[in-house]
2 protein chains.
Amino acid sequence: MTDYRRMWSDLNMDLEKHDQLMNALPLVYEDVFLRQAGRPRAMDYFDSVVAEIHSERIAELQAHKNQGGKICGAFCVFVPVEIARAAGAIAVGLCGGSQFWVPDGEKVLPRNLCPLIKASVGARLSGTCPYFQSCDLLIGETTCDGKKKAWEVLNEYAPVYVMDLPQMKRPRDLAAWREETGLFLDKMEELTGQRVTAEKLAVEIRRQNRLRRALERLYRARQADPVPVSGKDALLVTQVGFYDDPDRFIERTEALAAEAEERIAAGEGVFGAGAPRILVTGTPMAIPNWKLHHIIESAGAAVVGEETCTGTRFFAHQVDEGGVTLEEQLQALAERYLKINCSCFTPNPGRIEDILRLVGETRADGVVYYNLQFCHGYAVEYHAVEKALKERGIPVMKVETDYGEEDTGQLSTRVEAFIEMLR
Amino acid sequence: MTDYRRMWSDLNMDLEKHDQLMNALPLVYEDVFLRQAGRPRAMDYFDSVVAEIHSERIAELQAHKNQGGKICGAFCVFVPVEIARAAGAIAVGLCGGSQFWVPDGEKVLPRNLCPLIKASVGARLSGTCPYFQSCDLLIGETTCDGKKKAWEVLNEYAPVYVMDLPQMKRPRDLAAWREETGLFLDKMEELTGQRVTAEKLAVEIRRQNRLRRALERLYRARQADPVPVSGKDALLVTQVGFYDDPDRFIERTEALAAEAEERIAAGEGVFGAGAPRILVTGTPMAIPNWKLHHIIESAGAAVVGEETCTGTRFFAHQVDEGGVTLEEQLQALAERYLKINCSCFTPNPGRIEDILRLVGETRADGVVYYNLQFCHGYAVEYHAVEKALKERGIPVMKVETDYGEEDTGQLSTRVEAFIEMLR
């Protein structure tokens, strides 16, 4: 067994503070996940990933580094990980989902900024996240004001490269994003010293497409009633998808989806048939942010889908695999990534179409609009989403919250009342 | 005399609600402006502009419309008004600076959004701003998440055209902004049905350059000790510069600057020699937002400069007048406007250079960093600005506030303590 404390120490981590974090996680995890009744057996793997989230996977990253490989960390579903991998780097997700990191983030960032950004920066500053510590380069993007400016602060502590995402989706914006994708390829080649060839990129495009299809298969299984896998578990799987070795993740997710399909055939589920069904839409939920799902499912409703960055925005749309040259592949990558309907675009009608379609596909009885506090993009876009849902008679409630526990009781009460109305 | 009530009624305004707004303004104005001792005589003009802000200037706009002319309203210093004017439109500023409009904005926007955006949208929704009511087109931009998304909401009530401002300042971003400037020209031609010729555009470029130089001259006068014009008055002049007829504004501002220069020669000022000198930096102050300046100057310090959108960012840098073709002129316009160092750019080192230079030029004793609540860009950028100022031993304090009066007492106390420290 690897000496993880030695590894963490070599990564310049704050061991004492990290112990606090690691001691808290198992208790929370048991409460949120392990006590669920009738979980699929295939969730065992994901439980073990979380149990070893700062040890086994980090050891893999270190092994890669010891062989001269590079690690890059990304915060956003717009970063084309295919390119990083084709350059020989391992790409890992970096979003901070714990209140534990917020106070350290607030040392350099305003308090009234979204908890995800504060936690991300705090995770790096506090030296308690081995993913951050392992990264040779952090890949930021310009999706929102908070992140766009936070990278400047973070850059004082770690090397950061920022991809400039367009704010509209006109043909000229796609062309600009195509160029930006090419600049990212150049940067990755510079980082790793390896040449990205069309052959390598084709392999990674196919790999990430498989990963997306595996998640889609799991999501489709959630359309059944009774639902064969809980929303919490499905969310966890997606969250793990940002960190894990992709091939292993695909295999394990396919296994889970297969088990879910067996359950559907057998009429088995984790909630009773007819349980209220909720589609969650809004801002991302980075690991270990399971707050809203835990509240909803503790109230007896099933979360049947997530129109979020830790949901459909992560895996919807395949990259066209027909590209033979790097030029064609970069164009295909740019096209696929620009299909993501983030609120950072103006206008963003595609997101409303996605939500309405998902309400139908998941047979949701209602929508919970999840907004991380101070996220202006999604907060303002609620106006249009609410209007579209109400016009169609689809119940919707807005939840604006952070990572703290102070509002949990109040939120539970509101969510319970909403679910009661759906029954 | 024009029948203004009839005019407002024809503009579909809410007359009763508008009366409430108009009844409050003179009292505030007297308290903030007219009670200042030793004001320059040339401020009489600007006082009269404010007194007639919803009447005389609006009558001018209506006269223009009655002759088939178009009015367009802009929210931001990045909108190249030269192009609108060259197409025969009148361009007016539209920022909402009053708490009066915030509750109406909050009907369709989240509460924790910057008051400027809420007030702007609220001004349109409430039908109490004759500038909004006069506009044939509102020109938005993508400078911040809040505004970018608010235009989508506003577009339900009025036609909005959005300019996509780049988020970086690389050569390719300048090229993109040059294209965007050309698209804006096309849009203006479409709106007015008039062709923008190089001749017309040259006239407007020279005109707006003169306007900028007039404001610069006034700002230079503020470098003297004692300062010949108060910060409140200088701010008011800049605010009026967004609304007024440009030729008249240039003439009156030049007259004020000349009077200020006479005062300097005579050793006269509105504050005693040696009074503490404050540079304000941060978010814009739209008319009638005079809150911070009033607090600072009521405490006995002079505001000697504004590194804000209602300050140097509005008038710094001339457009190169050497362009002969439209292509050359559009390039020159794009270059000038992209020199504005807004926090929406990443990174934005030019703003820190501007602040440090302005501290020197204005001989400021300290800097007040003004942040409209929930403006993420300027809030996060404070980290870098504070660091640069502290490294040079320049005192700085951060003020985060909205348009309400609830925090005025507390702010006054903080500002007084800061000024005391500078003496």
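Note that residues are indexed from 1 along each chain, following the sequence as it is written. All chains are assigned letters beginning at A, and all ligands numbers beginning at 1, according to the order in which they are written. This being a predicted model, a pLDDT of at least 70 is required before a residue's local features are given, and a value of 80 or more before pairs of side-chain atoms are given or counted; all residues contribute to the totals for chains, interfaces and linings. As a rule here, side-chain values cover all heavy atoms of the structure and leave hydrogens and water aside.

Peer 1: How should the interface of chain B and chain A be read in this particular structure?
Peer 2: The accessible area lost on association of the parts is a frequent measure of interface size. Throughout, a contact is declared for two residues whenever any of their heavy atoms are within 4.5 Å. The interface is formed by 44 residues belonging to chain B together with 44 residues belonging to chain A. Taken together, the two surfaces of chain B and chain A that pack against each other cover about 3600 Å², and 49% of this comes from carbon and sulfur. By the criterion of area lost to chain A, the three top residues of chain B are K149, Q167 and H376 of chain B, representing 19% of everything that side buries. Salt bridges are counted wherever a side-chain nitrogen of Lys or Arg sits within 4 Å of a carboxyl oxygen of Asp or Glu. Linking chain B with chain A are 10 salt bridges. For the salt bridge of E180 of chain A with R170 of chain B, the shortest nitrogen-to-oxygen distance reads 3.2 Å. Buried area: the accessible area, evaluated with a 1.4 Å probe, that two parts lose upon being put together, summed over both parts.

Peer 1: Just checking my understanding: could you explain the pattern of salt bridges for this structure?
Peer 2: Side chains that differ in charge, positive against negative, can pair when their charged atoms come close. All chains considered together, the criterion is met by 88 salt bridges over all chains. The partner of E261 of chain B in a salt bridge is R217 of chain B, and the shortest N-O contact between them spans 2.7 Å. Of this pair, E261 of chain B sits in helix α13 (residues 246-266) while R217 of chain B sits in helix α11 (residues 198-221); the two residues are 44 residues apart in sequence, bridging distant segments of the chain. In this scheme, a residue with accessible area under 20% of its type's maximum is buried, one over 50% is exposed, and one in between is partly exposed, where area comes from a 1.4 Å probe on protein chains only. Residue classification places E261 of chain B among the partly exposed residues on the basis of a relative accessible area of 33%. A relative accessible area of 22% means that R217 of chain B is categorised as partly exposed. Across the pair D407 of chain B and K291 of chain B runs a salt bridge whose closest N-O atoms are separated by 2.7 Å. Residue D407 of chain B is found in the loop between β8 (396-401) and α19 (408-422), and its partner K291 of chain B is found in helix α14 (residues 291-298); the two are separated by 116 residues along the sequence. Through salt bridges with shared partners, a single ionic network connects K149 and E152 of chain A together with E307, R313, R351 and E381 of chain B. Only DSSP runs of H or I covering at least 4 residues are called helices, and only runs of E covering at least 2 are called strands; the numbering of each starts at the N terminus.

Peer 1: For this particular structure, what's the right way to read the UniProt feature "coiled-coil region" (unreviewed entry) in chain A?
Peer 2: UniProt positions are given in the numbering used here, feature names are shortened, and annotations may be inferred rather than shown by experiment. Under the UniProt annotation, "coiled-coil region" (unreviewed entry) lies at residues 188-218 of chain A. With 84% helix and 0% strand, residues 188-218 of chain A has its two end C-alpha atoms placed 32 Å apart.

Peer 1: What exactly am I supposed to notice about the relation of the copies chain B and chain A here?
Peer 2: One copy of the chain maps onto the other through a rotation about an axis followed by a shift along the same axis. What sets the superposition is a least-squares fit of C-alpha atoms, and only residues with pLDDT of at least 70 in both copies go into it. Superposition of chain B onto chain A requires a rotation of 180 degrees combined with a translation of 0.0 Å along the rotation axis, giving an RMSD of 0.0 Å. Taken together, these values place the two copies in the relation of a two-fold axis. Within chain B, D145 of chain B has its C-alpha nearest the rotation axis, a separation of 3.1 Å. A shared interface surface links the copies, since 100% of the contact residues of chain B are contact residues in chain A too.

Peer 1: Honestly, the packing of aromatic side chains in this entry has me stumped. Any pointers?
Peer 2: Any pair of aromatic rings gets described here by the distance separating the centres and the angle formed by the planes. Classification of ring pairs uses Phe, Tyr and Trp, with its six-membered ring standing for Trp, and accepts pairs whose centres are within 6.5 Å; under 30 degrees between planes counts as stacked, over 60 as edge-to-face, and the remaining range as tilted. Scanning all chains against the criterion turns up 31 aromatic pairs over all chains. Between F75 of chain B and F132 of chain B, the aromatic rings sit 5.8 Å apart at their centres with planes inclined by 50 degrees, giving tilted as the arrangement. With F75 of chain B in the loop between β1 (71-74) and α5 (81-86) and F132 of chain B in helix α8 (residues 130-134), this pair connects stretches of sequence that are 57 residues apart. Of the two residues, F75 of chain B and F132 of chain B, neither departs from the other in class, the shared state being buried. Relative to Y382 of chain B, the ring of Y369 of chain B has its centre 4.8 Å away and its plane inclined at 75 degrees; by these criteria the two rings are edge-to-face. Placement of the pair is Y369 of chain B in strand β7 (residues 366-372) and Y382 of chain B in helix α18 (residues 376-391), with a sequence separation of 13 residues. Of the aromatic side chains, those joined through ring pairs into one cluster are Y29, F33 and W290 of chain A.

Peer 1: Which parts of the structure should I look at to understand the packing of helix α9 (residues 145-154) of chain A against α18 of chain B?
Peer 2: Lines fitted to C-alpha atoms define the axes, with helix axes restricted to the stretch in contact, and inter-axis angles between N-to-C directions lie between 0 and 180 degrees. Contact geometry for α9 of chain A and α18 of chain B: axes closest at 9 Å, N-to-C directions at 10 degrees. Regarding the angle of α9 of chain A to α18 of chain B, the classification is roughly parallel. Facing D145, G146, K149, A150, E152 and V153 of chain A of α9 of chain A, the residues of α18 of chain B in contact are H376, G377, V380, E381 and H383 of chain B. Classification convention: Asp, Glu, Lys, Arg as charged; Ala, Val, Leu, Ile, Met, Phe, Trp, Tyr, Cys, Pro as nonpolar; all other residues, Gly among them, as polar. Counted by class, the contact of α9 of chain A with α18 of chain B contains three nonpolar, four polar and four charged residues. When an angle is under 35 degrees it counts as roughly parallel; over 145 it counts as roughly antiparallel; between 65 and 115 it counts as roughly perpendicular; any other value is oblique.

Peer 1: How do you make sense of the nonpolar core when you look at a structure like this?
Peer 2: The nonpolar side chains of a soluble globular protein tend to be buried with one another. To define a nonpolar core, start from buried Ala, Val, Leu, Ile, Met, Phe, Trp, Tyr and Cys residues and group those joined through side-chain atoms within 4.5 Å. Core analysis: the largest hydrophobic core is formed by 154 residues, its most contacted members being M188, L236 and I296 of chain A. Ranked by the residues each element gives to this core, the list is headed by helix α11 (residues 198-221) of chain A, at seven residues. Counting residues in each nonpolar core, the second largest holds 152 residues, with C76, W101, L279 and A364 of chain B among its members.

Peer 1: So what exactly am I meant to see when it comes to the sheet that holds strand β6 (residues 302-307) of chain B here?
Peer 2: Pairing between the strands of a sheet comes from backbone hydrogen bonds, and it takes one of two forms, parallel or antiparallel. All names here are of chain B. Think of it this way: DSSP has to see at least two bridges between two strands before they count as a pair. Read from one edge to the other, the open sheet built from four strands follows the order β6-β5-β7-β8, with strand pairing classed as parallel. On the outer flanks of this sheet lie β6 and β8, each paired with one strand and no other. Averaged over all pairs of adjacent strands, the angle between strand axes in this sheet comes to 25 degrees, irrespective of strand direction. Relative to β7, strand β5 (residues 277-282) runs parallel, the two sharing five bridges. Considered in β7, the bridge of V280 is made with V368. Strand contacts of α14: β5, β6, β7 and β8, with the helix running at about 150 degrees to β6, the strand carrying the most contacts.

Peer 1: Explain the confidence of the model for chain A to me, please; I cannot follow it from the model alone.
Peer 2: Fine structural detail should not be taken from predicted coordinates in areas where pLDDT scores are low. Overall, the predicted model of chain A reaches an average pLDDT of 97, with 100% of residues at or above 70. As a predicted assembly, this complex carries a pTM of 0.97 together with an ipTM value of 0.96. What pLDDT reports is the predictor's confidence in each residue, on a scale of 0 through 100.

Peer 1: What am I meant to see in helix α9 (residues 145-154) of chain B here?
Peer 2: Every α-helix carries 3.6 residues per turn, so stepping three or four residues along brings you back to the same face. Summarising burial for α9 of chain B: nine of the 10 residues are buried, a large majority. When we look at burial in α9 of chain B, the residues that qualify are D145, G146, K147, K148, K149, A150, W151, V153 and L154 of chain B.

Peer 1: Looking at this structure, I do not really get the pairing of β8 of chain B. What am I missing?
Peer 2: On a regular strand, each side chain points to the face opposite its neighbour's, so the side chains alternate between the two faces of the sheet. All names here are of chain B. Taken together, the six bridges between β7 and β8 define a ladder with parallel strand orientation. Bridge assignment links Y370 to a residue of β8, and that residue is V399. Regarding the hand of the β-α-β motif, the stretch spanning β7, α18 and β8 is right-handed. Crossovers are marked right-handed if the path from the first strand over the helix to the second runs clockwise, as seen with the strands pointing away from the viewer.

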